[in-house]
Amino acid sequence: MEEKTADEKAESRLRFAAKAIGQADLPSSLLADIMGKAETELEKRSEDPELISIHDLKADIEEAEKDYGMFGKNALTTGLDIIDKMIGGLKPAEVTLICANSNVGKSWLCSDMAVIASCQAPTLFITLEMRAEVLGARMKIFLDKFNGEKSDNWDADMNLYFQKAKTLDYRNIKKLFEKAEEQGIKAVFIDYLQYLGVGMEAREMAKISRMFHELALTYNIPIVIVASLRKDSIVNKRKWFETDENDVNGVGAIVYDCDNLLCAGRTNPENDEYEPSAFWVKHIKSRNMPVDRSFPFGKMKWDGGCITNDDEWMESVGKFYGNIESRPIQRKTDKEEDWTAGITDDKIENISEFEMRKRGLVGAIKQKGK
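Reading the values: rules and limits
- Residues numbered from 1 in each chain as written.
- Predicted model: local features only at pLDDT ≥ 70, side-chain atom pairs only at ≥ 80, totals over all residues.
- Heavy atoms only, no water.
- Salt bridge = Lys/Arg side-chain N within 4 Å of Asp/Glu carboxyl O.
- Helix = DSSP H or I, 4+ residues; strand = E, 2+ residues; numbered from the N terminus.
- Buried < 20%, exposed > 50% of the residue type's maximum accessible area, 1.4 Å probe, protein only.
- Pairing = 2+ DSSP bridges.
- Axes fitted to C-alpha atoms, helices over the stretch in contact; angles between N-to-C directions.
- Contact = heavy atoms within 4.5 Å.
- Core = buried A, V, L, I, M, F, W, Y, C linked by side-chain atoms within 4.5 Å.

*Asks:* For this particular structure, what's the right way to read the pattern of salt bridges?
*Replies:* When the charged atoms of two side chains with opposite charge come close together, those side chains can pair. This structure, assessed with the given rule, holds eight salt bridges. Residue E275 is joined to K299 by a salt bridge in which the shortest nitrogen-to-oxygen separation is 3.5 Å. On the criterion of sequence distance, the pair formed by E275 in the loop between β6 (260-265) and β7 (278-286) and K299 in strand β8 (residues 297-303) is long-range, its members being 24 residues apart. Each of the two residues, E275 as well as K299, counts as buried. Sharing partners across several salt bridges, the network here consists of E275, K299 and D310.

Put into structure tokens, the structure is as follows:
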């Protein structure tokens, strides 16, 4: 067993003392003295506040404006057009929360999106619900169905990492992100949140929530987190499409800290009928994108865990979502059309960015088997 460092020993003693204080019937004056000393120590360690002029931020503001309320030029595509339109793709420094009831397919959605992300940039998948080998098998199934064929080189275009530890909690997540930065990780997926805070009080869950928000900002990467709906919502028979911010199980703080909130379901929100080949999402919240309150739903295809675009639905309904227009972008070459997943030069015209990114990903994945 590894010996604890001095800081770890001190943390252990402090946690023991905090627990003892919570259980003891101490005089208010003594508690006030303890809190006062703690606040004084925090003030000593806090950074000196500084001010910055808007003029000094002018260039950064103008750059950020290019990503505001649209598909960000630095965003990763999810491979799912309606979700890209809802949240603007996986943008750096944003936290996206995906919630659903049990056995709906929220983990499948998360893993499918992670596969797509890993074909564009180094991606970390923190799996707390199942072994990495089992999750990898799911991803292979998705790729085989996505490509319409099996290949020995199915992983060729994937730049994907898992954590080695079988169990994690919030205390070592920050260290994991430090390791991820060393590997050049550009996106992180977590399945799922409740496993990080089993038995925790609301105050501690709020701490986890703030931590993920800070990590997204610190490392300037998108973080996608899976969470369950509240059990009392299920008991009270609330339909998935009736859910709102108050229905996310035990993680009230992160609902307000996250930038995007989606809820998944398998029944049609218009008639509550189960559709075996359909997968739906509800767009509950986005910090920097409009939510279409008149019909905040998106439909995709479901084939045993392979979640892909429903092109017919997108053409008839989804293209109007939120009145968001896709920027026209097409890459031309002297050869046949050469689609790429990124936008890298000025040879552009006449096709939506979503379509270009989608075709680029399909082309890249299909080439790996040839």
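*Asks:* Teacher, can you tell me more about the sheet that holds strand β3 (residues 160-162) here?
*Replies:* Strand pairing in a sheet is mediated by backbone hydrogen bonds. Such pairs are either parallel or antiparallel. The strand order β3-β2-β4-β5-β1-β6-β7-β8-β9 describes an open sheet built from nine strands, whose pairing is mixed. The two strands at the open ends of the sheet, each matched to only one other strand, are β3 and β9 (306-309). Taking the axes of each pair of neighbouring strands and ignoring which way they run, one obtains an average angle of 25° across the sheet. Relative to β7, β6 runs antiparallel, the two sharing six bridges. When the sheet's bridge partners are listed, A264 is paired in β7 with V281. Packed on one face of the sheet, helix α5 (residues 106-118) meets β1 (95-100), β2 (123-127), β3, β4 (187-191), β5 (223-228), β7, β8 and β9 and runs near 160° to β2. The sheet strands contacting helix α6 (residues 132-147) are β2, β3, β8 and β9, and the helix crosses β9 at an angle near 40°.

*Asks:* In this structure, what is going on with the environment of M314? I would like to understand it.
*Replies:* Secondary-structure assignment places M314 in helix α11 (residues 311-316). With a relative accessible area of 11%, M314 lands in the buried category. The spatial distance from the C-alpha of M314 to the C-alpha of I82 is 7.2 Å, given a sequence separation of 232 residues. Setting aside anything within four residues of it in sequence, one finds M314 in contact with D81, I82, K85 and K319.

*Asks:* Before we go on, may I ask you to explain the side chain of E275 in this structure?
*Replies:* With relative accessibility at 19%, the residue E275 sits in the buried group. Excluding anything up to four places from it in sequence, E275 contacts R266, N268, W280 and K299.

*Asks:* Would you take a moment to explain the nonpolar core for this structure?
*Replies:* Generally speaking, nonpolar side chains in soluble globular proteins are found buried as a group. Among the nonpolar cores identified, the biggest contains 82 residues, and I83, I126, F189, F212 and I223 are the most heavily contacted of them. Looking at which element gives the most residues to this core, the answer is α5, with eight residues. Not counting the four nearest positions on each side in its chain, F212 is found in contact with V95, I173, F177, I190, L193, L196, I223 and I225.

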